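# Structural overview for review
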Amino acid sequence: MTDVTVVGSGPNGLAAAMVAAHSGLRVRVIEASGTLGGGARTAELLESGFRHDVCSAVHPMALASPFFREAGLERVVEFLVPEVSYAQGIAPGRSALAYRDLERTIEGLRADGRVWRGLFAAPAASAGRLGAATLGVPRVRPSDVASLLGLGTRAAAVAASGLRAGFLDDGAPALLAGLAAHAIGDAHSLAAMIVGLTLGAHAHAGGWPVPRGGSQSIVDVMVAWLRARSVEFETGHRVSDIGEVADSRLVFLDVTPRAAVSILGDALPTGRRRRYERFTYGPGVAKVDYTLDEPVPWLDPGLARSGTVHLGGPAATVLAGEREITRGRLSDEPFVMVSVPSMFDSTRAPAGKHVVWAYVHTPSGWDGDAERIVTARIEQFAPGFRDLIRASTSRSAVGYAEYNENYVGGDISAGRTTLRQLVGRPVLSLEPWRTGAPGVYLCSSSTAPGPGVHGMAGAHAARLALAREFGMDAAELAADPPRFAG
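Keep in mind that what you see is a predicted model, and the values were worked out from it rather than measured.

### Considerations on empty space enclosed by the protein
In this structure the tally under the stated criterion is 2 cavities of 30 Å³ or more. Approximately 70 Å³ is the volume found for the largest cavity. Here the lining of the largest cavity is composed, by residue class, of 9 nonpolar, 1 polar and no charged. Here the second largest cavity defines a volume of roughly 30 Å³. Lining the second largest cavity, in full, are Arg51, His52, Asp53, Ala57, Asp289, Pro341, Arg348, Val355, Val356 and Trp357. Those elements giving two or more residues to the lining of the second largest cavity turn out to be strand 4 (52-53) and strand 14 (354-362). Looking at which element gives the most residues to the lining of the second largest cavity, the answer is strand 14, with 3 residues. The residue makeup of the lining of the second largest cavity, split by class, is 5 nonpolar, 1 polar and 4 charged.

Listed below in structure tokens is the structure:
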């Protein structure tokens, strides 16, 4: 017998395990894959000495996460923060740059700097409260409500303006479109703009960092912490029926609602089953990884200073392309996101060499040639890129769904970004992690507060479950979080 079983070893599952183990319970983690980490894995995909992030690569939400801040993640993982948080390639040789320094960004946007200041000065200055509000949902402290309301008001105004927001030039709207495109799909929607402005605020506060050694560095310190407390790990075991973990008093499922329906079967109450079956999934991504002999030869050298590069064109092109993928078609000018972590982290590649991480947004279940599309898009903004490629590998949206069952149809957000699914993820409730099945809780990115490497879904689910199932005091659990040594 064990007290707690966590199914799935992504950051949320590991966070739930940490809260439970810190409370003195016996914990077991079961992972379907042969390696731990979920969407935060790093591996030598192509050549020895070249380390690629398999899914997530850049981590603004890790710095914003109350769980990771309280645990002291920055003491044990070095986060490298580029001077340019993100950049938007508008046309070959012409880009807009969002520096971590808000004033420098405003200066670069010239006539539109005043409007940019109005959008981001207050959210960036109160990024800590904003992080607590957005990641603390559905329980938001009264002191954080103003930050949340201010963000919503700004997002509504920007969405209603078609992202023009009173701008005179095309640089600032393109930057906003790139932010909204992180919602993958309805980039013109209010929900996407809420996501975009949140990311934009963090870009001008803590920045958009890359962890030294790759995303796996975050997982590794969590796993080491858990192993030191005798937590058991079992890899290569896909749990397909809740009966497989019947020896556990409490179970956390770091899976999607669709998978929970399958695993729980008749143990899931009919009403909750129907609500889980109504939960919707968004468009997908396809990914290409490269090793290079030299840095990417960007026409605009400013792109080389950015940790995240959006190759999407002007705002109208981004919005049209994202709308196309929701309709099941890939745009002729697709949105491609690129990161070259080896520009900032010397551990990722041998001296002088580089790794390139790139996504293209696709319709759900797309199974086309991602490498052809991504290479051509990068070549537009960096002529000669093809000639520098040592090796490459690609994975379609179908391939992503096969790699990780939480990525339904290639949806790395584990659920469509809509206003309804921002406030009710996966159900509208003050306790959205409860499944209704005795002793079983969801803790994946399909639950509040949503996608990102922040661990908050696991932490929220665990504190609720330990209070309900073991009679622990939820306030005391929150006041005494797990902490990394360092």
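### A closer look at the sheet that holds strand 10 (residues 248-253)
One open sheet holds the 5 strands; their spatial order is 9-2-1-10-16, and the pairing between them is parallel. Edge strands, defined here as strands with exactly one partner in the open sheet, are strand 9 (232-235) and strand 16 (440-442). Going from strand to strand, the sheet's axes swing by 20° on average, the running direction of each strand aside. Bridging between strand 1 (residues 2-7) and strand 10 involves 5 bridges; their strand directions are parallel. For Thr5, the partnering residue across the bridge sits in strand 10 and is Val251. The sheet contacts of helix 19 (residues 456-470) involve strand 1, strand 10 and strand 16, and relative to strand 10 the element is tilted by about 160°.

### A short note on the nonpolar core
The biggest cluster of nonpolar side chains holds 99 residues, and the ones touching the most others in it are Phe67, Trp116, Leu176, Met222, Leu226 and Phe252. Here Phe67 is in contact with Ala15, Met18, Val19, Met222, His454, Met456, Ala459, Arg463 and Pro482, once residues within four sequence places are set aside. One finds Val338, Ala358, Trp366 and Phe385 within the second-largest nonpolar core, a separate group that totals 29 residues.

### A word on the environment of Ala259
By the element assignment, Ala259 lies in helix 12 (residues 257-264). Here Ala259 falls in the buried class, since its relative accessible area comes to 19%.

### Structural notes on the sheet that holds strand 13 (residues 336-339)
The strand order across the open sheet formed by 7 strands is 7-6-12-13-14-11-15, and the pairing between neighbours is mixed. The outermost strands of the open sheet, each flanked by one partner alone, are strand 7 (94-99) and strand 15 (389-395). If you compare each strand with its neighbour and ignore which way they point, the axes differ by 20° on average. In terms of strand pairing, strand 6 (residues 84-91) meets strand 7 through 6 bridges, oriented antiparallel.

### Description of the packing of helix 6 (residues 113-125) against helix 10 (residues 190-203)
Interaxial distance between helix 6 and helix 10 falls to 8 Å at its minimum, and their mutual angle equals 65°. As far as their axial angle goes, helix 10 and helix 6 are roughly perpendicular. When the axes of helix 6 and helix 10 are compared, the crossing they make is right-handed. The residues of helix 10 that touch helix 6, namely those facing Phe120, Pro123 and Ala124, are Leu197, Gly200 and Ala201. Its residues placed into classes, the contact of helix 6 with helix 10 shows 5 nonpolar, 1 polar and no charged.

### Some points on helix 10
Spanning 14 residues, helix 10 covers 20 Å between terminal C-alpha atoms, matching the ideal 20 Å at 1.5 Å per step. Of all 14 residues making up helix 10, 11 are buried, and the element is well covered by its neighbours. Of all the residues in helix 10, the buried ones are Ala191, Ala192, Met193, Gly196, Leu197, Thr198, Leu199, Gly200, Ala201, His202 and Ala203.

Here is what the cut-offs are and how they apply
Residues numbered from 1 in each chain as written. Predicted model: local features only at pLDDT ≥ 70, side-chain atom pairs only at ≥ 80, totals over all residues. Heavy atoms only, no water. 1 Å grid on protein atoms, 1.4 Å probe; cavity = no way out; pocket = protein on both sides within 12 Å on 5 of 7 lines; lining within 4 Å. Points joined across faces, edges and corners; volume = space filled by probe spheres on them. Nonpolar A, V, L, I, M, F, W, Y, C, P; charged D, E, K, R; others polar. Helix = DSSP H or I, 4+ residues; strand = E, 2+ residues; numbered from the N terminus. Pairing = 2+ DSSP bridges. Axes fitted to C-alpha atoms, helices over the stretch in contact; angles between N-to-C directions. Contact = heavy atoms within 4.5 Å. Core = buried A, V, L, I, M, F, W, Y, C linked by side-chain atoms within 4.5 Å. Buried < 20%, exposed > 50% of the residue type's maximum accessible area, 1.4 Å probe, protein only. Parallel < 35°, antiparallel > 145°, perpendicular 65-115°, else oblique. Left-handed = near helix turned anticlockwise from the far one by under 90°. Expected span 1.5 Å × (residues − 1).

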